[in-house]
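Chain by chain, the residues:
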Amino acid sequence: MKKKLYILGLIVFASLGQSCKKDMINLNTRPDALPDVDPRFLFSTAINDINYNERFKVQNRFTIMTYMQYIVQDGANADLSGNYWAPAATKGGNPGLSQYYNDYYQKVGVGLSRIIAKIDEMPEAQKTGYANLKAISQIIDVYQAWRSADVFGAMPYTQAFQDVAFPLPAYDYDYDLYKIFDAKLKAAANTIKTLPAGQSELTANDFFYKGAMTNWLKFANTLRIKIAQRYEKRDPANLDAILVDVETNFGGQLISTYEESFGINNSRDWNNNVDDINAIKTSFNAAYPFVEFLKSANDPRLAVMVRQNQLGTNNPAYSSLLTTATPATLALLATPEYKQRYYGKHTFPASQDASYGPTGAGRFQTFSTTGAAVNLTYQSLIQGRYFVKNGGFKEGIADPLLNTNEEVVAGGSLKYKSLFLSYAETCFMMAEIAAKKGGSVMGKAAATWYNEGVTASFDQYKKVGVDIKVPFASTLALGDYLSRFPYNGLVSIYSQSWVHFLAQPEEAWAMWKRTGYPQAVDYRAGQPTTPGNIGDGTGVAYLENLWNGNANLIRPRRGVLPGADLNRANILKAANDMKAKDAAYGVDINETKGRVWWDKQ
């Protein structure tokens with residue numbers, strides 16, 4: 001009997017083995033199908049890596065913020081040259097944005113490709129119910145791929161994730177991809193327009209819009225216009241055609257509220273381990289051009305974008321200093337200059353000189369007392385809470401930089417929404433388009449779009465600021481700002497966009513490359529002193545030229561094309577092809593002061 005059972009067991013095992021073997025063959029043929037996994041769970045896993053939730057991603061953002069003069073390296077003798085190119089140099093700064101590329105191929109893109117393939121393999125009756133998930137997967141796939149192509153100019157796309165057919169995928173180029181991207185976004189938008197009943201429930205899996213498909217439609221339409229605007233210098237007719245299409249075939253539905261802004265709602269601890277990502281507090285100060293522009297405009301957002309220095313009674317170290325200060329120190333602290341709570345640091349290498357005074361040195365100044373001298377910050381810090389939990393301060397640890405109105409809470413209690421395409425940005429984008437056309441777009445004139453953009457920016461920084469415990473956020477109000485700085489053409493749009501993009505520095509960098517704004521001016525002896533629009537009241541923002549004592553340094557404009565070493569031949573071919581298409585790409589793959597195709601001179 002035991003022998004019969006043993007033989008029967010072998011037969012069953014053999015049968016199961018044949019069945020498993022068949023499944024494995026199918027899985028190896030289409031490994032992206034994963035027949036035993038609900039695609040909604042795959043979606044949740046794939047999209048989580050879009051966020052700026054890793055050490056190197058956060059630190060790379062600080063580099064871009066330096067380019068756009070939101071922050072500057074602290075220290076009286078800081079190296080302010082390392083991120084840039086000297087005019088005749090053969091080596092210069094690298095923006096280090098390979099995370100877009102790596103996330104797409106290692107996590108986001110491959111995950112979304114798997115979801116789409118899995119849905120395509122379903123029986124028709126089942127497939128119909130996942131049309132909503134497939135559409136939003138296509139939209140995010142385009143968004144993440146575009147972010148990579150935007151800074152590198154090339155990437156494997158049409159041959160990506162097909163290891164059997166294309167083990168060494170060829171590179172596609174941004175001058176072809178922008179229309180491929182648009183076609184995919186339009187197709188997804190059309191799918192959303194005509195979704196049948198019985199769609200999969202996405203509330204728990206969609207960290208962006210909780211399955212609200214109208215919001216996804218608005219994002220797809222807005223992203224189509226945004227990508228087309230990026231290529232406006234190369235193909236203005238394409239932008240015009242997409243504007244007409246979005247208005248005619250999709251009702252002109254664009255992102256129109258903060259809630260409709262495209263961003264990921266962080267469902268878990270977000271950048272709470274600040275041991276090595278708190279450089280926004282420890283190593284960088286607020287940059288002079290940004291602070292001075294906000295001050296010159298008496299901009300209420302100054303208080304929620306820049307941290308107050310220590311020169312006030314809401315700082316315990318300052319209050320303590322007042323009890324031991326020498327008469328000379330007390331007289332100094334009583335002057336108007338030392339009643340100011342917001343100062344930035346100059347951004348150019350030659351400013352590391354005593355002639356530039358406290359705005360060229362490090363953040364601290366030394367004050368004499370009847371005992372030991374006391375160091376307090378003169379220069380301000382940028383508000384780091386938009387990038388790191390609690391701005392880099394640690395719960396339960398006393399820090400002299402903390403003012404009494406700054407709250408440090410348990411990291412898990414802060415659920416931050418990382419925004420990638422906001423309502424305010426949408427308004428500024430449409431204002432620019434309307435201004436260039438000299439009429440209205442989507443039924444609104446440039447001035448109307450501009451006013452709505454400024455208002456939305458105030459509303460966003462108030463809403464987000466309250467959520468993440470930014471001091472003064474709860475009382476932020478627009479007030480008479482628009483009457484003091486009314487719409488005055490493109491320079492108004494670009495200046496306000498630069499201010500708004502503090503929390504989206506990558507987009508400020510792209511705007512500067514695309515438009516040349518904010519423009520750079522000199523700030524040194526014998527030259528006009530106009531950075532920060534000091535006192536002229538026009539509301540025009542400027543950057544500082546990066547003067548090193550001999551020449552102005554040059555900001556990088558693109559990244560170094562990444563990729564696997566096994567595919568090195570295709571990487572080098574891509575760089576050579578882009579150079580042949582436009583010599584402005586640079587002499588080689590590493591010349592980051594060069595330009596990708598859309599970044600036309």
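A short note on the overall build of the chain
For step 1, the next point in the chain: When you go through the chain residue by residue, the secondary structure sums to 20 helices and 12 strands.
For step 2, the next point in the chain: Rg of the C-alpha trace for the chain: 27 Å, near the compact-globule value of 25 Å for 601 residues, within the 12% margin.
For step 3, the next point in the chain: C-alpha extents for the chain along the principal axes are approximately 105 × 65 × 50 Å.
For step 4, the next point in the chain: Here the chain holds 601 residues, and 56% of them are scored as buried.
For step 5, the next point in the chain: Carbon and sulfur atoms provide 54% of the accessible area of the chain, an area that totals close to 24,300 Å².

Examining the pattern of salt bridges
For step 1, the next point in the chain: A complete count under the given rule lists 32 salt bridges for this structure.
For step 2, the next point in the chain: Where Asp74 meets Arg363, a salt bridge forms, and the shortest distance between an N and an O atom there is 3.5 Å. One end of the pair, Asp74, is in the loop between strand 1 (71-73) and helix 4 (98-120); the other, Arg363, is in the loop between helix 14 (327-333) and strand 6 (364-367), with 289 residues separating them in the sequence.
For step 3, the next point in the chain: For Asp582, the salt bridge goes to Arg234, with nearest N and O atoms at 2.8 Å. Taken together, the residues Asp582 in the segment after helix 20 (568-581) and Arg234 in the loop between helix 8 (213-230) and helix 9 (236-249) connect sequence positions 348 residues apart.
For step 4, the next point in the chain: With relative accessibility at 18%, the residue Asp582 sits in the buried group.
For step 5, the next point in the chain: Taking the relative accessible area as the measure of exposure, Arg234 reaches 25% and is therefore partly exposed.
For step 6, the next point in the chain: A cluster of three or more residues bridged by salt bridges with shared partners is formed by Asp150, Lys226, Arg230, Glu425 and Glu507.

Details of the side chain of Arg557
For step 1, the next point in the chain: By the element assignment, Arg557 lies in the loop between strand 12 (542-544) and helix 20.
For step 2, the next point in the chain: Within the local environment of Arg557, its side chain forms a polar contact with the side chain of Asp599, the two groups lying 2.7 Å apart.
For step 3, the next point in the chain: Among all residues touching Arg557, those that are not within four sequence positions of it are Trp509, Trp512, Lys513, Thr592, Lys593, Gly594, Arg595 and Asp599.

A short note on helix 20
For step 1, the next point in the chain: Between its first and last C-alpha, helix 20 extends 20 Å over 14 residues, near the 20 Å set by a 1.5 Å rise per residue.
For step 2, the next point in the chain: Each element contacted by the buried residues of helix 20 is listed here: helix 6 (131-152), strand 2 (154-155) and strand 3 (172-173).

Some remarks on the nonpolar core
For step 1, the next point in the chain: One finds Trp216, Ile225 and Trp498 to be the most contacted residues of the largest nonpolar core, which totals 151 residues.
For step 2, the next point in the chain: Ranked by residue count, the leading element in this core is helix 6, at 12 residues.
For step 3, the next point in the chain: Within the second largest apolar cluster, 10 residues are counted, among which are Leu311, Leu321, Phe367 and Leu376.

Some words on the packing of aromatic side chains
For step 1, the next point in the chain: One pass over the structure, following the stated rule, counts 41 aromatic pairs.
For step 2, the next point in the chain: Seen from their ring centres, Tyr104 and Tyr105 are 5.0 Å apart, and the 85 degrees between their planes marks the pair as edge-to-face. For the pair formed by Tyr104 and Tyr105, the shared burial category is buried.
For step 3, the next point in the chain: Through successive ring pairs, a cluster of aromatic residues spans Tyr143, Trp146, Phe208, Tyr209, Trp216, Phe219, Phe262 and Phe420.
For step 4, the next point in the chain: One cation-aromatic arrangement involves Lys444 over Trp449; the distance from NZ or CZ to the ring centre is 4.5 Å.

Points about empty space enclosed by the protein
For step 1, the next point in the chain: Per the stated rule, a full pass over the model turns up eight cavities of 30 Å³ or more.
For step 2, the next point in the chain: Within this model, the largest cavity holds a volume of roughly 200 Å³.
For step 3, the next point in the chain: Elements with a contribution of two residues or more to the lining of the largest cavity: helix 6, helix 8, strand 8 (417-421) and helix 19 (505-515).
For step 4, the next point in the chain: Sorting elements by how many residues they give to the lining of the largest cavity places helix 6 first, with five residues.
For step 5, the next point in the chain: Looking at the second largest cavity, its volume works out to about 120 Å³.
For step 6, the next point in the chain: Here the residues of the lining of the second largest cavity sort into eight nonpolar, four polar and two charged.

Re the pairing of strand 6
For step 1, the next point in the chain: Along strand 6, the buried face is formed by Gln365 and Phe367; none of Phe364 and Thr366, which line the opposite face, is buried.
For step 2, the next point in the chain: One ladder, built from four bridges, connects strand 6 with strand 7 (residues 374-377); its direction is antiparallel. From the neighbouring strand, Gln365 faces strand 7, where its bridge partner is Leu376.
For step 3, the next point in the chain: Linking strand 6 back to strand 7 in an antiparallel pair, the connection comprises six residues.

Regarding the packing of helix 9 against helix 15 (residues 423-437)
For step 1, the next point in the chain: Packing of helix 9 against helix 15 leaves a shortest axis separation of 13 Å and a crossing angle of 115 degrees. Taken together, the axes of helix 9 and helix 15 lie roughly perpendicular to each other. In this structure, helix 9 crosses over helix 15, and the sense of that crossing is left-handed. Contact residues: helix 9 offers Leu239, Asp240 and Leu243, while helix 15 offers Met430, Ile433 and Lys437.

Topic: the confidence of the model for the chain
For step 1, the next point in the chain: On average, residues of the chain score 89 in pLDDT, and 90% of them are at 70 or above.
For step 2, the next point in the chain: Below pLDDT 50 for its whole length, residues 1-34 participates in 13 contacts with residues either more than four positions away or in separate chains.

So, helix 15
For step 1, the next point in the chain: Compared with an ideal rise of 1.5 Å per residue, which puts 15 residues at 21 Å, helix 15 spans 21 Å between its outermost C-alpha atoms and is within 8% of the ideal.
For step 2, the next point in the chain: Among the 15 residues of helix 15, 12 are classified as buried, and the element is accordingly described as predominantly covered.
For step 3, the next point in the chain: Those residues of helix 15 lying buried are Tyr423, Ala424, Glu425, Thr426, Cys427, Phe428, Met429, Met430, Ala431, Glu432, Ile433 and Ala434.
For step 4, the next point in the chain: Gly438, located one to two residues past helix 15, shows a positive phi value of around 75 degrees.

Criteria and thresholds
Going along each chain's sequence as written, the residues are numbered from 1 onward. Only residues with pLDDT of at least 70 get local features here, since the model is predicted, and only at 80 or more are side-chain atom pairs given and counted; chain-wide, interface and lining totals rely on the full set of residues. Hydrogens and water molecules were not included; the side-chain quantities draw on all heavy atoms of the structure. Only runs of H or I of at least four residues qualify as helices and only runs of E of at least two qualify as strands under DSSP, and these elements are numbered from the N terminus. Two things to know: the radius of gyration comes from C-alpha atoms, and the globule rule equals 2.2 Å times the number of residues to the power 0.38. Think of it in three bands: with a 1.4 Å probe and only protein chains considered, a residue is buried below 20% of the maximum accessible area for its type, exposed above 50%, and partly exposed in between. Surface accessibility follows the Shrake-Rupley procedure with a 1.4 Å probe radius. Residue values consider only the protein chains on display as shielding. Every case where a carboxyl oxygen of Asp or Glu lies within 4 Å of a side-chain nitrogen of Lys or Arg is listed as a salt bridge. In protein, a polar contact requires one atom able to donate a hydrogen and another able to accept it; more generally it is a pair of N or O atoms within 3.5 Å, and residues adjacent in sequence count only if both atoms are side-chain atoms. Contacts were defined at the residue level, with two residues in contact if any of their heavy atoms lie within 4.5 Å. A helix's residues, less one, multiplied by 1.5 Å, set its expected span. Nonpolar cores were defined as sets of buried Ala, Val, Leu, Ile, Met, Phe, Trp, Tyr and Cys residues, with membership established by side-chain atoms within 4.5 Å. Planes of paired rings set the category: under 30 degrees apart is stacked, over 60 is edge-to-face and the rest tilted, where pairs are Phe, Tyr or Trp rings (Trp by its six-membered ring) whose centres lie within 6.5 Å. Two thresholds decide whether a charge sits over a ring: the Lys NZ or Arg CZ must be within 6 Å of the ring centre and within 35 degrees of the ring normal. Grid spacing is 1 Å over the protein atoms alone, the probe is 1.4 Å, and a cavity is where that probe fits but cannot get out, while a pocket is an open set with protein on both sides within 12 Å along at least five of seven lines and lining residues have an atom within 4 Å of a point. Grid points are joined across faces, edges and corners, and a volume is the space filled by probe spheres set on the points. Gly is put with the polar residues, along with every residue not named as nonpolar or charged; the nonpolar set is Ala, Val, Leu, Ile, Met, Phe, Trp, Tyr, Cys and Pro, and the charged set is Asp, Glu, Lys and Arg. Any two strands with at least two DSSP-identified bridges between them are counted as paired. Geometry is summarised by axes, namely lines fitted to C-alpha atoms with helices restricted to the contacting stretch, and by angles between N-to-C directions that run from 0 to 180 degrees. Angles are sorted into four bins: roughly parallel if under 35 degrees, roughly antiparallel if over 145, roughly perpendicular if 65 to 115, and oblique for all others. Should the near helix be turned anticlockwise from the far one by less than a right angle, the crossing is left-handed, and should it be turned clockwise, the crossing is right-handed. Residue-level confidence of the predictor is summarised by pLDDT, bounded by 0 at the bottom and 100 at the top.

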